[in-house]
Amino acid sequence: MTDTESIEIFAVIRERRSVRNYADRDVPDEALRAIIAAGIQAPTALGLQPWQFVIVKDRGLMQRVSDYCKPILIEKIGEEARPGTEEFLAALKNSDFNIFYNAPVLILVLGAREAVSSVLDCALCAENMMLAAWALGIGSCWIGSAALVQQNPDLLAALKVPDDHQIVAPVIFGYPAPLSPKAARREPRITWVP
């Protein structure tokens, strides 16, 4: 790896952000394949590679999932009201709001239920995918609340999620519309043990 490549990798990691505003532009299938190819390079316990992927471009289906999840989220947030949830709660109560932010693509990273490391492995895979997408000029956002769809057998069937897998990472992808500045990161707390 050259110094230039190292600098580029750190730049992608530093500049990547969660995108919640997308241009009305499709993501090519080749780019989606490249993103998944980067994802499966993630570490995986015992080499099990417990992931499987569902690519959803059907915006009507994404809207159905959003419509199903929103009232459940409103109820959950209402029960656990805490600072930082007010804006999201207000958005959820807006009938026009879509939890997928009108992104053109949703990729479900599924984990095999039988693999004990499935959730961690698939989370690492999803992070690789989000970094690879950013390197290609494609934004992403992990929509964790969309995993609530697992409570709905009809929607799971429409999403083609097999019974022996669970949704670990619902991640949206698309070309970013104009973005606001990225929020600054707090300094990490580090303890050195010599």
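Conventions and cut-offs
Residues numbered from 1 in each chain as written. Predicted model: local features only at pLDDT ≥ 70, side-chain atom pairs only at ≥ 80, totals over all residues. Heavy atoms only, no water. UniProt positions renumbered as here; feature names shortened; annotations may be inferred. Helix = DSSP H or I, 4+ residues; strand = E, 2+ residues; numbered from the N terminus. Buried < 20%, exposed > 50% of the residue type's maximum accessible area, 1.4 Å probe, protein only. Contact = heavy atoms within 4.5 Å. Areas by Shrake-Rupley, 256 points an atom, 1.4 Å probe, with all protein chains shown as cover. Lys, Arg positive; Asp, Glu negative; His and termini not counted. Charge placed at Lys NZ, Arg CZ, Asp CG, Glu CD. Core = buried A, V, L, I, M, F, W, Y, C linked by side-chain atoms within 4.5 Å. Expected span 1.5 Å × (residues − 1).

As named in an unreviewed UniProt entry, the chain is Nitroreductase, taken from Methanoculleus marisnigri. Of the chain, the UniProt comment under Sequence similarities (unreviewed entry) reads exactly: "Belongs to the nitroreductase family." For the record of the chain, the UniProt heading Cofactor (unreviewed entry) holds the text "FMN".

Draft legend 1. Quick peek at the overall build of the chain. Check the secondary structure of the chain and you find 6 helices and 4 strands. Moving toward the C terminus, one meets the helices and strands of the chain in the order α-α-β-α-α-β-α-β-α-β. Seen through its principal axes, the chain has C-alpha atoms that stretch 50 × 40 × 40 Å. The buried share of the chain, taken over its 194 residues, is 43%. Residue pairs at least 24 apart in sequence account for 84% of intrachain contacts in the chain once pairs closer than 6 positions are excluded. Here the chain has roughly 11700 Å² of accessible surface; of this, 55% comes from carbon and sulfur atoms. Here the chain contributes 19 positive and 23 negative side-chain charges, whose respective centroids are spaced 4 Å apart.

Draft legend 2. Structural detail: the nonpolar core. One finds Ile99, Phe100 and Ile172 to be the most contacted residues of the largest nonpolar core, which totals 36 residues. Here the element with the most residues in this core is helix 3 (residues 59-79); it accounts for 7 residues. Once you skip the residues sitting within four places of it in the chain, isoleucine 99 turns out to touch Ser66, Cys69, Lys70, Leu73, Leu92, Ile143, Ser145 and Ala146. Ranked by size, the runner-up nonpolar core spans 22 residues in total, among them Trp51, Met130, Val168 and Tyr175.

Draft legend 3. How the structure looks around the side chain of serine 145. Mapped onto the elements of the fold, serine 145 is located in the loop between strand 3 (139-142) and helix 6 (153-158). Once you skip the residues sitting within four places of it in the chain, serine 145 turns out to touch Cys69, Leu73 and Ile99.

Draft legend 4. Molecular detail of helix 5 (residues 118-135). The end-to-end C-alpha distance of helix 5 is 26 Å, a good match for the 26 Å that 18 residues give at a rise of 1.5 Å each. Buried residues of helix 5: Ser118, Asp121, Cys122, Cys125, Ala126, Met129, Met130, Leu131, Ala132, Ala133 and Trp134, and no others. Once helix 5 ends, the next one or two residues include glycine 137, with phi positive near 85°.

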